[in-house]
Structures are given as C-alpha cells and as structure tokens.
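# Summary of structural features
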Amino acid sequence: MIEQNIKEMALLAVDALEDKKGEDITVIDISEVSVIADCFIIAGGSNKSQIQAMSDSVEEKLGRVGMPLKQSEGYGSANWILLDFGDIIVHIFDNENRLFYDLERIWSDGRKIDLTGWRS
C-alpha cells in the first residue's frame, strides 16, 4: 500500500498534468509488485508542445515541495517522456505511443487507483 506522503506527491503530479489538460490520467500502485517505484502515473497528450508543458508542470510542482527529478528521458522527441522521481514515475505519452506500449496492460498486476477515492 502506498504511504501517505507518496500519495500526496502523486496527487500533486496528477494535478500538474490536469493543469495542462493531460488526457486519460491513470495511477497504478506497483508497490507490491515491483521495487523500482511505488506508483506509476500515466497520461496522454495530443502534441509535442502539450506533452513538454505537462512534463515541465510536473517537474516544477514536485520540485517546489522538495521532490526533485532524478532522471528524465524523451523530452526532446516528446512522444514518451519518462520522469523518475524515485518513488513515483510519471509517463507522458502521445496517443500513438500510449496505445503501442500499453503500460496499463503490462503493469496490470499493480492496483489501478481510483483518483476520486484518493482525493476524498
């Protein structure tokens, strides 16, 4: 189960993605199936500029609360940006690559989080 601090940071990341009109945002708790992170956040964007803006927004919002970005991949091409914050990994895809890589299926052993339940 994801601890409260990670949950709060994940919600900040989701808010940052929503601020930039991120599409179909999914949070998957992988804490019980993997040691690489506690949760994945997966979101889609419709074009390179939007995807980069979503990435910038997440990095800024989490950085402001003391959760620095450890590693980033894919910013230049912006068809799949990976943001590694340690316990939280954010994946931002264009529509084509999101369908192709289908991380929700690959990580289906994790527990998909109902964001409305998390926010209450």
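This text gives an overview of the structure that appears in the document. On a predicted model such as this, the values are computed, not experimentally measured, just so you know. (Residues numbered from 1 in each chain as written. Predicted model: local features only at pLDDT ≥ 70, side-chain atom pairs only at ≥ 80, totals over all residues. Heavy atoms only, no water.)

Between the first and last C-alpha of helix 1 (residues 4-19) there are 22 Å, a value that for 16 residues agrees with the 22 Å anticipated at 1.5 Å per step. If you check which residues of helix 1 are buried, you get Ile-6, Lys-7, Met-9, Ala-10, Leu-11, Ala-13, Val-14, Ala-16 and Leu-17. Immediately beyond the C-terminal end of helix 1, within one or two residues, lies Lys-21, with a positive phi of roughly 65°. (Helix = DSSP H or I, 4+ residues; strand = E, 2+ residues; numbered from the N terminus. Expected span 1.5 Å × (residues − 1). Buried < 20%, exposed > 50% of the residue type's maximum accessible area, 1.4 Å probe, protein only.)

Our focus in this paragraph is the environment of Thr-116. Looking at the element boundaries, Thr-116 is found in helix 5 (residues 115-119). What makes Thr-116 exposed here is its relative accessible area of 60%.

Next up on the list: the pairing of strand 1 (residues 23-29). The buried count for strand 1 comes to five of seven residues, which makes it a mostly enclosed element. Alignment of strand 1 against strand 2 (residues 39-45), held across five bridges, turns out to be antiparallel. Note that in strand 2 the partner of Ile-28 across the bridge is Phe-40. Sheet analysis places strand 1 next to strand 6 (residues 111-112), joined by two bridges and oriented antiparallel. Note that in strand 6 the partner of Ile-28 across the bridge is Lys-112. (Pairing = 2+ DSSP bridges.)

Counted residue by residue, strand 2 has seven buried out of seven residues, so it is predominantly covered. Burial along strand 2 is two-sided: the face carrying Cys-39, Ile-41, Ala-43 and Gly-45 and the face carrying Phe-40, Ile-42 and Gly-44 are both buried. As paired strands, strand 2 and strand 5 (residues 88-94) are joined by seven bridges and run parallel to one another. Along strand 5, the bridge assignment pairs Cys-39 with Ile-88.

Moving on: the environment of Trp-107. Mapped onto the fold, Trp-107 is located in the loop between helix 4 (103-106) and strand 6. Remark: the alpha-carbon pair of Trp-107 and Ser-34, spanning 73 residues in sequence, is separated by 9.6 Å. Look past the residues within four positions of Trp-107 in its chain and what remains in contact with it is Ile-28, Ile-30, Val-33, Ser-34, Ile-36 and Phe-40. (Contact = heavy atoms within 4.5 Å.)

Tracing the chain through its elements places Asp-29 in strand 1. Here the side chain of Asp-29 touches Ser-31 through a polar contact of 2.6 Å, side chain to side chain. (Polar contact = N/O pair within 3.5 Å; in protein donor to acceptor, adjacent residues only side chain to side chain.)

Right, let's get into the sheet that holds strand 5. Spatially, 3-4-5-2-1-6 is the arrangement adopted by the six strands of the open sheet, whose pairing is mixed. Edge strands, defined here as strands with exactly one partner in the open sheet, are strand 3 (71-73) and strand 6. With respect to the sheet, helix 2 (residues 48-64) is in contact with strand 1, strand 2, strand 4 (80-84) and strand 5, its orientation differing from that of strand 5 by roughly 165°. (Axes fitted to C-alpha atoms, helices over the stretch in contact; angles between N-to-C directions.)

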